[in-house]
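# Working through the structure, step by step
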Amino acid sequence: MAADQCRLHERVPLSKPLQRLSDLLILFLLLSLVAYRVASLRSHGGHAWFVALVCESWFAFVWLLNVNAKWNRVTYKTFPPRLSNIRTSLPAVDLFVTTADPELEPPIITVNTVLSLLAVDYPVGKLACYVSDDGGSPVTFYSLLQSVKFAKLWVPFCKKYNVRVRAPSVYFSTHPAESTDTASSHFIQQWTHLKNEYEELQRRIESANEDQIPHHMSHELKDFLNIERRNHPSIVKVIWENKEGSEGGLMPHLIYVAREKRPKHPHHYKAGALNVLTRVSGVMTNAAFMLNVDCDMFANNPEVILHGMCLLLGDETSSGFVQAPQEFHGALRDDPFGNQLVVLQKQFMPGLQGIRGPFYAGTGCFHRRKVIYGSPPNNNNKNKANLSREELEMVFGNSTEFIESAVEATWGKCNNDLPSNISGRIEAAKKVASSTYEFNTSWGKEIGLLYGSVTEDVLTGLRCHSIGWRSALLMLEPPAFLGNAPTGGPASLSQQKRWATGLLEIFASKRSPVLAVITKELTFRQCLGYLLLLVWPVRGVVEVCYALLPAYCLLTSSSFLPKASELGFLALLLALFVIYNAYTLAEYLQCGLSIRAWWNNQRMLKIYSLNAWLLGFFSALLKILGISDTIFEVTRKDQRNNDDSNDTTNTADDGRFTFDSSLVFVPGTAVVLVNVSALVLGGRQIIVGAMEEKGAGVGELACSVLVLVYLWPFVKGLVGKGSYGIPWAVICKAAVPACFFMHLCINSV
Ligand SMILES: O=c1ccn([C@@H]2O[C@H](COP(=O)(O)OP(=O)(O)O[C@H]3O[C@H](CO)[C@@H](O)[C@H](O)[C@H]3O)[C@@H](O)[C@H]2O)c(=O)[nH]1
Ligand SMILES: [Mn+2]
């Protein structure tokens, strides 16, 4: 009993027999379908039958991966109050926030995230917050500088009144009477004062632009004078130094870092930025744990670090890193863009927890510093003595300060204290933030966040798992962090395309889980878990083929579906269709989502796969063939989302699908053009010849219509106006492959 009371976390199994049974039922139906196709390949024959066989085999394979990933669903319950037994020795944590572009990521969003982190419930003296600014922007720096005055009021206020959401934009969007019962007049007075201060801060930040930063700031901003965004030396500034160090103080250290950028030197996007933060924090504070969040992911649960510690302290092998699911706020009603990822995360993250832990998702993740330094679990004192200074330099680079810090982080004791004087370490920090520091070292290859994929997060997590670490899932209520999901067609599709590209890059790399399962410590089921994620983009190709299949049949008068007389086959297909949809619908309803949200997600899944994943597939292919490189396009963060967290009263227009002239809209448009033409050309003939038992039939016709229903935003886009219409340039580009395909069909008859 006493031992139980000391346990910081508890494992909670979630899998239900009914769910497992339905998983298996769907798998069985899919396999039966494939078996039927194979068995009747001779009698039915034809291209359409064969393509259907390939696609459906793929769906069956992916479903098998699904079953594996969901089989042992597990989550953890964490008990922060029990930390009080060890409260004096809570470890220090370095907090990382990355931002890249003040246009796409307005500084007020970054400031809110930073403020939410500075104010978390954790000893002030044990935190240091680092902001990496890849935009090298004076506006971002100015905004952080301005926020210090407010933070000095905000941090104590949050702690005194136990404020629930510590991102001021969200907190002040509701009136205190609704959010607290401490409505004493003194509280209201302070609340009003702070709200005014916040609004003043917001006004100042939002009105600042590069040419118009107040003159009296010129001294602080001199490092930013005449620099170019992609060509400047390292800038490291201590915005707030907590002079009391671990003893306490008003608020944690706050440090601004714009790493050196040179046009000729690769900077490796976010992975590069996080590696610089890792080193800069190494020489400045060297906490044993690091938490990283994207600039829009504010800490929504003030106890998040305490909860994280419940998983991190204790058996270290089981928590090389701790990942909170990505959750979002300010969501549009019924998730019109299908990117809130609610069901996906509630189903899969616990599922992966059952097979040695979730993947690293790039934000909302605590890392052990030594894991990032490539140290395997239970390394204790093994290798240190063998490494000479030269060897250490080959791995970590040639900064003496950094090497010392890395040796301590890897082989020394856990650092529970932070230094009070960090200003004295700026020169060392600037050195490790230089653009040449990583040359001829292991950064990005063996240590740090790994390079070579635009989803550096998944790649880095895979490496941790491959060297034997497990990871742990931090699923909290209220959610640990909340971020900003893109809205509109272009931003959503370009994000999905980047993910697809990055995942395929990993699949095809030398770190592929398929190899790691043979040569490293990845288990077979873990490998299957990763595959589910990594083969995602291939679905783009499969879905396009499947979506063209009914049109092909209509145009060539062939068939891939049962005729009225093939009752068994018909029943199988209908059962699969009904059970699969009922299954997914049940998942949405269980998560408290609406039928409409379910439909929107089903529809968007098709739209993403046909467009974004397909293009992601090809862009990864071009990279693998060495023809072009992949780039990380930053997602635009909507500020609207930040202001009203509970606003689901969006107007109809907010959820409407929008287009631009990007290539990513071409495949969907082409599929729509082909299906519309096929219905016009082939539909009539079917109605005439409905009674004949050969060629395309009502089934093919219905499927072709179904494709158009899934792609309805594109059908509407063909006639829509402005951003709701598909631009002519896209339609013309789509018409070329569409005509080519139809030409092939008609000629093949
Ligand atoms: O050169 C760059 C590019 C991006 N970022 C930062 O990376 C973060 C993520 O970028 P975002 O455009 O928001 O991408 P998302 O697709 O929303 O990000 C998800 O997917 C990424 C992998 O593709 C992960 O790295 C992220 O953590 C995860 O939230 C943001 O804080 C950016 O400021 C940089 O610091 N430098
Ligand atoms: Mn993001």
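Analysis parameters
Residues numbered from 1 in each chain as written. Chains lettered and ligands numbered in written order. Predicted model: local features only at pLDDT ≥ 70, side-chain atom pairs only at ≥ 80, totals over all residues. Heavy atoms only, no water. UniProt positions renumbered as here; feature names shortened; annotations may be inferred. Helix = DSSP H or I, 4+ residues; strand = E, 2+ residues; numbered from the N terminus. Rg over C-alpha atoms; globule rule 2.2 N^0.38 Å. Buried < 20%, exposed > 50% of the residue type's maximum accessible area, 1.4 Å probe, protein only. Contact = heavy atoms within 4.5 Å. Axes fitted to C-alpha atoms, helices over the stretch in contact; angles between N-to-C directions. Parallel < 35°, antiparallel > 145°, perpendicular 65-115°, else oblique. Nonpolar A, V, L, I, M, F, W, Y, C, P; charged D, E, K, R; others polar. Near = heavy atom within 4 Å. Polar contact = N/O pair within 3.5 Å; in protein donor to acceptor, adjacent residues only side chain to side chain. Areas by Shrake-Rupley, 256 points an atom, 1.4 Å probe, with all protein chains shown as cover. Salt bridge = Lys/Arg side-chain N within 4 Å of Asp/Glu carboxyl O. Pairing = 2+ DSSP bridges. Right-handed = clockwise from strand over helix to strand, strands pointing away. Domains from an automatic or database assignment. Buried area = accessible area lost by both parts, 1.4 Å probe.

Under an unreviewed UniProt entry, the protein chain has the name Cellulose synthase-like protein H1 and belongs to Canna indica. Listed under Subcellular location (unreviewed entry) in UniProt, the entry text for the protein chain is "Endomembrane system".

A word on the overall build of the protein chain. A count of helices and strands for the protein chain gives 28 helices and twelve strands. Radius of gyration (C-alpha) of the protein chain: 27 Å, near the 27 Å computed for a compact globule of 749 residues. For the C-alpha atoms alone, the extent of the protein chain along its principal axes is close to 85 × 55 × 55 Å. Per-residue burial over the protein chain gives 58% buried out of 749 residues. Sequence-distant contacts in the protein chain: of pairs separated by 6 or more residues, those separated by 24 or more amount to 84%.

At a minimum axis distance of 12 Å, the contact between helix α17 (residues 456–466) and helix α20 (residues 524–534) shows a crossing angle of 175°. Viewed along their axes, α17 and α20 adopt a mutual orientation that is roughly antiparallel. For the pair formed by α17 and α20, the contact residues are Val458, Gly461, Leu462 and His465 on the first element and Gln526, Tyr530, Leu533 and Leu534 on the second. Considering only residue class, the contact of α17 with α20 consists of five nonpolar, three polar and no charged.

Residues in contact with ligand 1 amount to 25 residues; listed here are only the nearest, Asp134, Lys270, Asp294, Glu456 and Thr635. Asp134 is positioned with one of its side-chain polar atoms (N or O) 2.6 Å from a nitrogen atom of ligand 1. Thr635 places a main-chain nitrogen or oxygen 2.6 Å from an oxygen atom of ligand 1. Coverage of ligand 1 by the protein chains reaches 96% of its 680 Å² of free accessible surface. Looking at the shell around ligand 1, the elements with two or more residues in it are β3 (93–99), α10 (269–284), α17 and α18 (489–507). In terms of residue class, the shell around ligand 1 is built from nine nonpolar, eight polar and eight charged.

The next point concerns the pattern of salt bridges. Per the stated rule, a full pass over the model turns up 24 salt bridges. Between Lys70 and Glu587 there is a salt bridge, and its shortest N-O distance comes to 2.8 Å. Taken as a pair, Lys70 in helix α4 (residues 46–70) and Glu587 in helix α22 (residues 567–590) lie far apart in primary sequence, 517 residues in all. Classification of Glu587 as buried rests on a relative accessible area of 11%.

Now for the environment of Ile731. Looking at where Ile731 falls in the secondary structure, it is placed in helix α28 (residues 728–748). Put simply, Ile731 and Val666 are 65 residues apart on the chain and 7.2 Å apart in space, counted from C-alpha to C-alpha. When residues no more than four places from it in sequence are discounted, the contact partners of Ile731 are Thr669, Leu673, Leu718 and Ile726.

Moving on, we get to unusual backbone geometry. Most peptide bonds are trans, and most residues other than glycine sit at a negative phi. Following Glu477, the chain continues into Pro478 via a peptide bond in cis, with omega recorded as -5°. By the element assignment, Pro478 lies in the loop between β11 (471–473) and β12 (481–482). In this structure, Arg356 is a non-glycine residue whose phi angle is positive, near 75°. Topologically, Arg356 is positioned in the loop between α12 (342–353) and β10 (365–368). Residue Arg356 is classed as partly exposed on the basis of its relative accessible area, which comes to 21%.

Another point: the pairing of strand β4 (residues 127–133). Of all seven residues in β4, seven are buried, a share of seventy percent or more. Side chains Leu127, Cys129, Val131 and Asp133 project from β4 onto one buried face, and the interleaved Ala128, Tyr130 and Ser132 project onto a second face that is buried too. When β3 meets β4, the two strands line up parallel, connected through seven bridges. Bridged to Phe96 within β4 is Tyr130. Following the chain from β3 across helix α5 (residues 107–118) to the adjacent parallel β4, one finds a crossover that is right-handed. In this sheet, strand β6 (residues 253–258) lies alongside β4 in parallel orientation, the contact comprising five bridges. Bridge pairing in β6 links Tyr130 to Ile255.

The residue Thr460 is located in helix α17 in this model. Ignoring any residue separated from it by four or fewer positions in sequence, one finds Thr460 in contact with Tyr360, Ile372, Gly448, Leu449 and Leu450.

This next bit is on the domain arrangement of the protein chain. Assigned domains within the protein chain: domain 1 (17–70 + 508–629 + 659–748) and domain 2 (81–327 + 337–485). Placing the centre of domain 1 and that of domain 2 at their C-alpha centroids yields a distance of 40 Å. Taken together, the contact pairs 28 residues of domain 1 with 26 residues of domain 2. Considering only the side of domain 1, the residues that lose the most area to domain 2 are Arg511, Gln526 and Tyr530, jointly responsible for 29% of the buried surface there. On the surface where domain 1 and domain 2 come into contact, there are six residue pairs in polar contact (both at pLDDT 80 or more). Contributing elements (two or more residues each) for the side of domain 1 that touches domain 2: α4, α19 (513–519), α20, α22 and α23 (595–624).

Under the present numbering, the feature "active site" (unreviewed entry) in UniProt falls on Asp134 and Asp457. Among the secondary structure elements, Asp134 is positioned in the loop between β4 and α6 (138–161). On the accessibility criterion, Asp134 (10% relative accessible area) is buried. Setting aside residues up to four positions removed in sequence, Asp134 forms contacts with Thr99, Ala100, Arg229, Arg259, Lys261, Tyr269 and Ala273. Relative to the elements of secondary structure, Asp457 occurs in helix α17. Apart from the residues within four sequence positions on either side, Asp457 is in contact with Tyr360, Ala361 and Gly362. Reaching out from Asp457, the side chain makes a polar contact with the backbone nitrogen of Gly362 at a distance of 3.4 Å.

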